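Chain by chain, the residues:
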Amino acid sequence: MNIPLKYFAVFILFFYFSSQVGAKNKSSRERHADTVLINKYLSLGKQKHKQNKLDSAKRFFNKALMLSRVAKDSAGMVNAYIGVGTEDYHRGDFKNATANWLSGLKIAELMKDQVKQLELNSNLSSVFLTLVNKKKATYYTETTYKLAKALKDTTSLITALLDISSREGIFGNLDKEAYYLKEVVKLCKASKNYPYEILAYLNLGQSYKDHKDYKFSLYYYGKADSTSKAHQYKEYDRMIYMSLAGVLHATNKNKEALKYIKMVIPLARQAGASARLRDMYSLASNIYSGLNNHKEALHYLRKSNFLKDSLFSVENEAAIHRMEIEHRSVKREKAISDQKLIISRNKLELQEKNKYITIAVLATIILAAISVAVYLVYSAKHKANNHKLNLIQKEKEVAILEALINGEEKERSRLALELHDSVGGILSVTKMQMSILLDEHHYLSTSSTFEKTLFMLDNASSETRSIAHNLAPQILFQKGLNTSIASLCEKTNGSTLNVVYYSIGNVDRYNSDFELFIYRTVQEGLTNVIKHASAKEVIVQLSNSNNVLNLTIEDDGKGMDATSIGVNGMGLNNMRLRTIAKGGIFELSSSASGTTIFLEFDITPYTLKNINEPIEDFSLVKN
């Protein structure tokens, strides 16, 4: 399998920037010596990798990994797994590279270290892009991009965009690949991130080579070379030279291509990058073939095939590695058995200690139970007291309401008396004087103004009497609920509102306070219908059955919000509170087709025991 050059370049960049993170992770003087040594091994591994000494780099990373496991240093293990996996990847051992990176990713996720999660997800995306596994490559590139957005870091975003561009390129979306790479170049220039800028140029060169646009391919490879030399990043020489050799061979400039391939092969041999060296041998074979030097072409083809076969022997190494792990497992099991034997010897000593521990635990449980019981008793008393306080508060509210309403009724009676006796008397005297005036001046009988004045006096007198009776309904105290409500409904009935009254059962006489409450309820209900309901018909029904009195007021109006009674409907809220205070049931239902008010009472406490028992008359108006 030929591994695209662009995926190997990602790791050089990660090692460049993660070295800065490693510096931050170095322990302080107070930390344990093992942690200092772990960071030292990690730093040496990155240094050797930067020098293209992959064997030495892997040895240091393995040392860091072993020591991190012993010291239980999670951060050290994550960095070590990244390092070992990277060296495996550069050698073409994708299986072990993936295993190491996945191990590191599990720890990074437990640590909630998003920086390391991004790095490991990016590494895994490169593996699956190399293996052309679209589903898994897409998953890891998208995960990398999400983490980059969460971190809000330019370097992280560049990493994610490089992964996405590689994904688009490997799956044939070459235009999208070039677009993302140019965005990376912009970000790199703005942040002066030269290593990633070099990598973006290399990938753009490869993208245009895939487009067969060799002019632009050479242009971007040249940009990568000049940027690398300007900022002294020699570790990119191997990738740049191989890229230039590839595009020159594609344009049949095999002599120039041979110059670059001869420069890059010794660098790959020195680094021990077997997977890349195999591709270089294959390219060298093609270049010599283009130069008709078939002997050298065959020589390098054999080297490439031999190296390819040796790389596949990694499977055997993995099997040996598994057997070695199994061997360690056996040793571990033996150690566990020995530990169990020691534990059994100490069991008798522990039993005595456990006895005291059990007693202490039981005592603690008993104390906890007593504490809970005391708390529950206190809580119950507290709730009972709160309930009593709430009842007292409600009783106070009802008492205040009753006092207000009684005061209101007395004020109504006083006003009615004033209207009837004072204003009504004045109007009567005025009318009498007008009659005397007519007798003295007969010509006034022909005056329309005088006649109109007498008519207006009659209307004023009648209206004053009506207002006085509404304020203090004399008919209620004289004839009871049935007659007074029927009269009230008849007076309310008009051309725009039809008021129908039904009486069911024997509606007896009740004490004056209760009768006045029912009458005022009907009066309030009819007033609300007239003011707010826009109704055409309203039905008032009063029924008595088995000492249960029901009052229903139902209209066909536009309805209302029944849940807003306590907020906006002061009259309805007072009606509800007084109903409950008198031991009754209050229900209100409303919809777009109308509103219904329903009251129900046990009238036993309010029924007059003696039919001849006098009823207190709140009205001061007698005529």
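Everything quoted here is computed from the prediction, not taken from an experiment.

**Describing the overall build of the chain**
Looking only at helices and strands, the chain has 23 helices and five strands in total. Counting the 623 residues in the chain, one finds 41% classified as buried. The long-range fraction of contacts in the chain, counting pairs at least 24 apart against all pairs at least 6 apart in sequence, stands at 66%. Approximately 35,100 Å² of the chain is accessible, and the part contributed by carbon and sulfur atoms is 56%.

**Some remarks on the packing of helix 2 (residues 33–50) against helix 4 (residues 74–90)**
Helix 4 packs onto helix 2 with a crossing angle of 25° between their chain directions and a minimal axis gap of 10 Å. As the angle between them shows, helix 2 and helix 4 are arranged roughly parallel. As for the relative orientation of helix 2 and helix 4, their crossing is left-handed in sense. From helix 2, Ile 38, Leu 42 and His 49 reach across to helix 4, where they touch Gly 76, Asn 79, Ala 80, Thr 86, Glu 87 and His 90.

**Regarding the sheet that holds strand 1 (residues 498–504)**
Strand order in the open sheet made by the five strands is 1-2-3-5-4, with mixed pairing throughout. Each end of this open sheet is capped by a strand with a single partner; those strands are strand 1 and strand 4 (585–591). In this sheet, neighbouring strand axes are inclined to one another by 10° on average, regardless of whether the strands run parallel or antiparallel. Summarising the sheet, strand 4 and strand 5 (residues 594–602) pair through seven bridges and their orientation is antiparallel. Of the residues in strand 5, the one forming a bridge with Ser 589 is Thr 596. Its contacts with the sheet put helix 20 (residues 481–492) on strand 1 and strand 2 (537–545), and the angle it makes with strand 1 is roughly 165°.

**A few points about the side chain of Gln 117**
With respect to the secondary-structure elements, Gln 117 resides in helix 6 (residues 114–130). Relative accessible area serves as the criterion here: at 12%, Gln 117 is assigned to the buried category. When neighbours within four sequence positions are excluded, Gln 117 is seen to be in contact with Leu 105, Ala 108, Glu 109, Lys 112 and Leu 147.

**Focus: the pattern of salt bridges**
Under the counting rule described, the total for this entry stands at nine salt bridges. We note a salt bridge from Arg 509 to Glu 515, for which the minimum N-O separation is 2.9 Å. Residue Glu 515 is classed as buried on the basis of its relative accessible area, which comes to 0%. The salt bridge partner of Lys 582 is Asp 513, with a shortest N-O separation of 2.8 Å.

**Some words on helix 21 (residues 512–533)**
Helix length check: helix 21 (22 residues) gives 30 Å between terminal C-alpha atoms against 32 Å at 1.5 Å per residue, within 8%. The positive-phi residue at the C-terminal boundary of helix 21 is Ser 534, with phi of around 55°.

**A few points about the packing of aromatic side chains**
Counting across every chain of the model gives 17 aromatic pairs. Aromatic side chains Tyr 241 and Tyr 260 sit 5.9 Å apart centroid to centroid with 35° between the ring planes, which places their arrangement in the tilted category. Here Tyr 241 is found in helix 12 (residues 237–250), whereas its partner Tyr 260 is found in helix 13 (residues 254–271), with 19 residues between them in sequence. Through successive ring pairs, a cluster of aromatic residues spans Tyr 201, Tyr 208, Phe 216, Tyr 219 and Tyr 220. The ring of Phe 171 carries the charged tip of Lys 134 above its face, separated from the ring centre by 5.6 Å. Above the plane of the ring of Tyr 260 lies Lys 259, whose end atom (NZ or CZ) is 5.1 Å from the centre.

**Comments concerning the nonpolar core**
Counting residues in each nonpolar core, the largest one holds 45 residues, and the members touching the most others are Leu 202, Ile 261, Ile 265 and Met 280. Put simply, the parts of the chain that give this core at least two residues each are helix 8 (154–170), helix 9 (174–191), helix 10 (194–210), helix 11 (214–230), helix 12, helix 13, helix 14 (274–290) and helix 15 (294–312). When neighbours within four sequence positions are excluded, Met 280 is seen to be in contact with Arg 238, Met 242, Ile 261, Val 264, Ile 265 and Ala 268. Ranked by size, the runner-up nonpolar core spans 36 residues in total, among them Leu 497, Tyr 510, Leu 516 and Val 540.

**A look at the packing of helix 3 (residues 54–71) against helix 4**
One can describe the packing of helix 3 onto helix 4 by two numbers: an axis separation of 8 Å at closest approach and a directional angle of 150°. In terms of orientation, helix 3 and helix 4 fall into the roughly antiparallel class. Judged by the twist between their axes, the crossing of helix 3 over helix 4 is left-handed. Where helix 3 abuts helix 4, its residues Leu 54, Ala 57, Lys 58, Phe 61, Asn 62, Ala 64, Leu 65, Ser 68 and Arg 69 lie against Gly 76, Met 77, Ala 80, Tyr 81, Gly 83, Val 84, Glu 87, Asp 88 and His 90.

**Observations concerning a nonpolar patch on the surface**
A cluster of nonpolar side chains, namely Ile 357, Val 361, Leu 362 and Ile 365, defines an oily patch on the protein surface of about 360 Å² accessible area. On the secondary structure map, Leu 362 appears in helix 17 (residues 347–440).

**Remarks on helix 20**
For an α-helix the count is 3.6 residues per turn, leaving residues at separations of three or four pointing the same way. Taking 1.5 Å of rise per residue, twelve residues should cover 16 Å, and helix 20 covers 16 Å from first to last C-alpha, within 8% of that figure. Buried within helix 20 are the following residues: Leu 481, Ser 484, Ile 485, Ser 487, Leu 488 and Cys 489. Against the buried residues of helix 20 lie helix 19 (474–479), strand 1, helix 21 and strand 2.

**As for the environment of Glu 235**
Among the structural elements, Glu 235 can be located in the loop between helix 11 and helix 12. Considering only alpha carbons, one finds Glu 235 and Gln 51, 184 residues apart in sequence, at a separation of 7.0 Å.

**Considering unusual backbone geometry**
The phi angle at Gln 232 is positive, at roughly 60°, despite the residue not being glycine. Of note, Gln 232 is situated in the loop between helix 11 and helix 12. One non-glycine residue, Asn 292, lies in the positive phi region at around 65°. Relative to the helices and strands, Asn 292 resides in the loop between helix 14 and helix 15.

The rules behind the values
- Residues numbered from 1 in each chain as written.
- Predicted model: local features only at pLDDT ≥ 70, side-chain atom pairs only at ≥ 80, totals over all residues.
- Heavy atoms only, no water.
- Helix = DSSP H or I, 4+ residues; strand = E, 2+ residues; numbered from the N terminus.
- Buried < 20%, exposed > 50% of the residue type's maximum accessible area, 1.4 Å probe, protein only.
- Contact = heavy atoms within 4.5 Å.
- Areas by Shrake-Rupley, 256 points an atom, 1.4 Å probe, with all protein chains shown as cover.
- Axes fitted to C-alpha atoms, helices over the stretch in contact; angles between N-to-C directions.
- Parallel < 35°, antiparallel > 145°, perpendicular 65-115°, else oblique.
- Left-handed = near helix turned anticlockwise from the far one by under 90°.
- Pairing = 2+ DSSP bridges.
- Salt bridge = Lys/Arg side-chain N within 4 Å of Asp/Glu carboxyl O.
- Expected span 1.5 Å × (residues − 1).
- Phe/Tyr/Trp six-rings, centres within 6.5 Å; stacked < 30°, edge-to-face > 60°.
- Lys NZ or Arg CZ within 6 Å of the ring centre and 35° of its normal.
- Core = buried A, V, L, I, M, F, W, Y, C linked by side-chain atoms within 4.5 Å.
- Patch = residues over 30% accessible without salt bridge, like charges linked within 9 Å, V, L, I, M, F, W, Y side chains within 5 Å.

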